[in-house]
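Next come the chains, spelled out residue by residue.
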Amino acid sequence: QMQLVESGGGLVQAGGSLSLSCVASGLTMDYYNIGWFRQAPGKEREEVSCISSNDGATDYVDSVKGRFTISRDNAKKTVTLQMNNLKPEDTAVYYCAADWPGVVVVPTCFSDDYDYWGQGTPVTVSS
């Protein structure tokens, strides 16, 4: 199994920045796509970004493009979500998840069947 632990959430003013970290243990992270999700109270969980295995391609939902950056350091077993120019609508609990991508080439690392999930870290953006 793989365990994922998020950290870095907190309270920040609109326009500010936060860096979220997802640290993996157990199974080697290298071969898994990693996604960042968020869920606000009363809202469905939304995947906002992902990064392919082995420092591969990235993808973002339109609402965070140009503001969020996902990166991975497989040696440190860490995936980072750098969030800049935060907006109140970014307020949510943020989760990371790991997805075994298989061998079929697909155009995006977004997935609907992630295998492992972290516990979440809350982000609050004040106006």
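Data block above holds the structure.
Residues numbered from 1 in each chain as written. Predicted model: local features only at pLDDT ≥ 70, side-chain atom pairs only at ≥ 80, totals over all residues. Heavy atoms only, no water.

**Details of the pattern of salt bridges**
- Within this structure, the stated rule accounts for four salt bridges.
- Notably, a salt bridge pairs Asp 90 with Arg 38, separated by 2.8 Å at the nearest N-O pair. Taken together, the positions of Asp 90 in the loop between strand E8 (78-83) and strand E9 (92-99) and Arg 38 in strand E4 (residues 33-39) put the pair 52 residues apart, joining distant regions of the chain.
- We classify Arg 38 as buried; its relative accessible area is 8%.
- The closest approach of N and O atoms between Arg 67 and Asp 90, which form a salt bridge, is 2.7 Å. In this pair, Arg 67 is assigned in the loop between strand E6 (58-60) and strand E7 (68-73) and Asp 90 in the loop between E8 and E9, connecting sequence segments 23 residues apart.
- Several salt bridges share partner residues, and in doing so they unite Arg 38, Glu 46, Arg 67 and Asp 90 into one network. (Salt bridge = Lys/Arg side-chain N within 4 Å of Asp/Glu carboxyl O. Helix = DSSP H or I, 4+ residues; strand = E, 2+ residues; numbered from the N terminus. Buried < 20%, exposed > 50% of the residue type's maximum accessible area, 1.4 Å probe, protein only.)

**Section: the packing of aromatic side chains**
- One pass over the full model with this rule turns up five aromatic pairs.
- Ring plane angle 90 degrees and centroid distance 5.1 Å describe the contact between Phe 37 and Tyr 114, whose orientation is recorded as edge-to-face. A residue pair is termed long-range when its members are at least 10 positions apart, and Phe 37 in strand E4 and Tyr 114 in the loop between E9 and strand E10 (116-117) qualify at 77 residues. For the pair Phe 37 and Tyr 114, one class covers both residues: buried.
- Joined through ring pairs, the aromatic side chains of Tyr 32, Trp 100 and Tyr 116 make up one cluster.
- In this arrangement the basic side chain of Arg 45 is found over the ring face of Phe 37, its NZ or CZ atom lying 5.8 Å from the centre. (Phe/Tyr/Trp six-rings, centres within 6.5 Å; stacked < 30°, edge-to-face > 60°. Lys NZ or Arg CZ within 6 Å of the ring centre and 35° of its normal.)

**As for the nonpolar core**
- Judged by nonpolar contacts, the single largest core of 28 residues is most densely connected at Trp 36, Phe 68, Val 79, Leu 81, Met 83 and Tyr 94.
- Beyond its immediate chain neighbours, meaning those up to four positions away, Tyr 94 contacts Glu 6, Leu 20, Trp 36, Phe 37, Arg 38, Phe 68, Leu 81, Met 83, Gly 120, Thr 121 and Val 123.
- If you look at the next biggest cluster of nonpolar residues, it comprises six residues, including Cys 50, Tyr 95, Ala 97 and Tyr 114. (Core = buried A, V, L, I, M, F, W, Y, C linked by side-chain atoms within 4.5 Å. Contact = heavy atoms within 4.5 Å.)

**Focus on the state of the cysteines**
- Per the counting criterion, the structure on display carries two disulfides.
- Sulfur-sulfur distance for the disulfide between Cys 22 and Cys 96 comes to 2.0 Å. Here Cys 22 and Cys 96 share a disulfide; its torsion about the S-S bond, 70 degrees, makes the bridge right-handed. You can see Cys 22 sitting in strand E3 (residues 18-26) and its partner Cys 96 sitting in strand E9, a full 74 residues away along the chain.
- Judged by relative accessible area, Cys 96 falls into the buried class, the value being 0%.
- Linked covalently through their sulfurs, Cys 50 and Cys 109 form a disulfide whose S-S length is 2.0 Å. Taking the torsion about the sulfur-sulfur bond, which here is approximately 85 degrees, the covalent link between Cys 50 and Cys 109 counts as right-handed. Highlighted residues: Cys 50 in strand E5 (residues 46-51) and Cys 109 in the loop between E9 and E10, separated in sequence by 59 residues. Here Cys 50 matches Cys 109 in class, with each residue buried.
- Disulfide connectivity for the protein chain, with bonded cysteines indexed by sequence position, reads 1-3, 2-4. (Disulfide = S-S within 2.5 Å.)

Distances and angles like these do not, on their own, reveal function.
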